[in-house]
Amino acid sequence: MATNMEPKIHRSYHPMPLDVNRERSKPKETDRSFQEVLGQQLTLSKHARQRLEERNIEIPSEQWNKIGEKLTEAKRKGVRDSLVLTKEAVLVVNTNSNTVVTAMDKQSANSRLFTNIDGTIIM
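The residue numbers shown here count from 1 along each chain, following its written sequence. Selection of residues for local features in this predicted model requires a pLDDT of at least 70, selection of side-chain atom pairs for listing and counting requires 80 or more, and totals for whole chains, interfaces and linings are taken over all residues. Where side-chain values are given, they derive from all heavy atoms of the structure, hydrogens and water being excluded.

A. Looking closely at the side chain of Thr95. With respect to the helices and strands, Thr95 occurs in the loop between strand 3 (89-94) and strand 4 (99-105). Those residues in contact with Thr95 that lie beyond four places of it in its chain are Leu71, Lys75, Val79, Arg80, Asp81 and Ser82. The way it works is that DSSP assigns letters per residue, a run of H or I at least four long becomes a helix, a run of E at least two long becomes a strand, and they are numbered from the N terminus. Two residues qualify as a contact provided that any one of their heavy atoms is within 4.5 Å of a heavy atom in the partner residue.

B. Up close: the confidence of the model for the protein. Put simply, the protein has an average pLDDT of 77, and 67% of its residues get 70 or more. As a per-residue quantity, pLDDT reports the predictor's confidence and falls between 0 and 100. Per-element averaging of pLDDT across the protein places helix 1 (residues 34-38) at the bottom with 49 and strand 2 (residues 81-85) at the top with 96. For residues 7-16, every residue scores under 50 in pLDDT, and the model assigns this stretch 1 contact once sequence neighbours within four places are set aside. The low-confidence segment residues 18-31, where pLDDT is below 50, has 2 contacts with residues more than four positions distant or belonging to other chains.

C. Broad picture of the environment of Arg55. For Arg55, the location among the structural elements is in the loop between helix 2 (46-54) and helix 3 (61-76). As a C-alpha pair, Arg55 and Ala103 span 48 residues in sequence and 8.9 Å in three-dimensional space. In this view, Arg55 contacts Ala103, Met104 and Asp105; residues no more than four positions away in its chain are not counted.

Following this line, the structure appears as structure tokens:
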């Protein structure tokens with residue numbers, strides 16, 4: 001039962017040498033983890049993370065910090081679920097768990113009805 005098949009599984013794999021002298025690029029602001037940027041203030045739900053990526057929404061780290069501060073203030077005032085309006089996006093955030101539940105760009109939010117929101121933060 002001999003065949004003329006080339007035995008590919010026995011070939012050696014030789015990775016390209018690593019250039020240790022190559023300059024590593026500095027990470028972009030958006031490459032940093034969400035937790036690093038926010039200093040453990042907020043978390044993103046899986047759904048919100050997907051929406052931000054799908055809709056190419058980028059919120060600068062200083063904006064995330066301001067959002068975190070405003071959410072702390074809203075929580076002190078008894079707000080449980082907040083609608084956060086920024087120049088970049090519209091976010092729904094649960095203040096009890098400090099979790100961004102969903103996110104959308106301004107265009108997508110234009111004709112939406114938001115329910116179960118007991119506070120709004122306009123940035």
